[in-house]
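Secondary and tertiary structure notes
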Amino acid sequence: MLQETISKIEGRIRNSGAVNDTHRAELLKLLGQLRDEIAPLAKTHQEQAESIAAFADVSAQEATRAKKNPATLRHSISGLESSVGEFEKSHPQLVGIVNRIASMLANMGI
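Residues numbered from 1 in each chain as written. Predicted model: local features only at pLDDT ≥ 70, side-chain atom pairs only at ≥ 80, totals over all residues. Heavy atoms only, no water.

**What to know about the overall build of the chain**
Scanning the chain for helices and strands turns up five helices and zero strands. Its C-alpha radius of gyration of 13 Å places the chain within 12% of the 13 Å reference for a compact globule of 110 residues. Considering only C-alpha atoms, the chain reaches an extent of 35 × 25 × 20 Å along its principal axes. Surface summary for the chain: the accessible area is close to 6000 Å², and the carbon and sulfur share equals 49%. (Helix = DSSP H or I, 4+ residues; strand = E, 2+ residues; numbered from the N terminus. Rg over C-alpha atoms; globule rule 2.2 N^0.38 Å. Areas by Shrake-Rupley, 256 points an atom, 1.4 Å probe, with all protein chains shown as cover.)

Take a look at the structure:
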């Protein structure tokens, strides 16, 4: 399910007219890194991994909409950041990737 969610996010970003090529390439790179970090986490912390993937999906959906709702995007990014909070010490790379994704989505001209 997690890999499917990340694949869905990648497809949404690839097909979005609201994302420029530079942001698209960087987001796709970060999603690849997120996929690598979440895979082992899904075996030991399935619910938390699903939460991270779900918030990433909602955040990407909001950021790639033609007509954006800044309040909804901020809320989804906040949820994404919160969902990785407990992994800050045990999975610093995961937290770093999520923070970069959240920052990038927040700074996409919204």
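**Examining helix H1 (residues 2-15)**
Between its first and last C-alpha atoms H1 spans 20 Å; for 14 residues at 1.5 Å apiece the expected length is 20 Å, and the two agree. Within H1, the full set of buried residues consists of Leu2, Thr5, Ile6, Ile9, Glu10 and Ile13. With its buried residues spanning 140° around the axis, H1 presents them on a single face. Residues of H1 that are exposed and point over 90 degrees away from its buried face: Glu4, Arg14 and Asn15. For H1, the secondary structure elements touched by its buried residues are helix H2 (21-44) and helix H3 (46-63). (Expected span 1.5 Å × (residues − 1). Buried < 20%, exposed > 50% of the residue type's maximum accessible area, 1.4 Å probe, protein only. Arc of directions from axis to C-beta. Contact = heavy atoms within 4.5 Å.)

**Things to note about the side chain of Ser59**
By the secondary structure assignment, Ser59 is in helix H3. Setting aside anything within four residues of it in sequence, one finds Ser59 in contact with Leu73, Ser76, Ile77, Leu80 and Leu105.

**With respect to the environment of Arg14**
Mapped onto the elements of the fold, Arg14 is located in helix H1. For Arg14 and Gly79, which are 65 residues apart along the polypeptide, the C-alpha to C-alpha distance reads 23 Å. Setting aside anything within four residues of it in sequence, one finds Arg14 in contact with Arg24 and Leu28.

**Digging into H2**
Taking 1.5 Å as the rise per residue, H2 with 24 residues should run 34 Å; its terminal C-alpha atoms sit 35 Å apart, in good agreement. Along H2, the helix axis deviates most sharply at Ile38, where the bend reaches about 30°; the proline Pro40 sits within four residues downstream. For H2, the full list of buried residues reads Arg24, Leu27, Leu28, Leu30, Leu31, Leu34, Arg35, Glu37, Ile38, Leu41 and Ala42. Of the surrounding elements, those touching the buried residues of H2 are H1, H3 and helix H5 (92-106). (Bend = angle between axes of the 7 residues up to and from the residue.)

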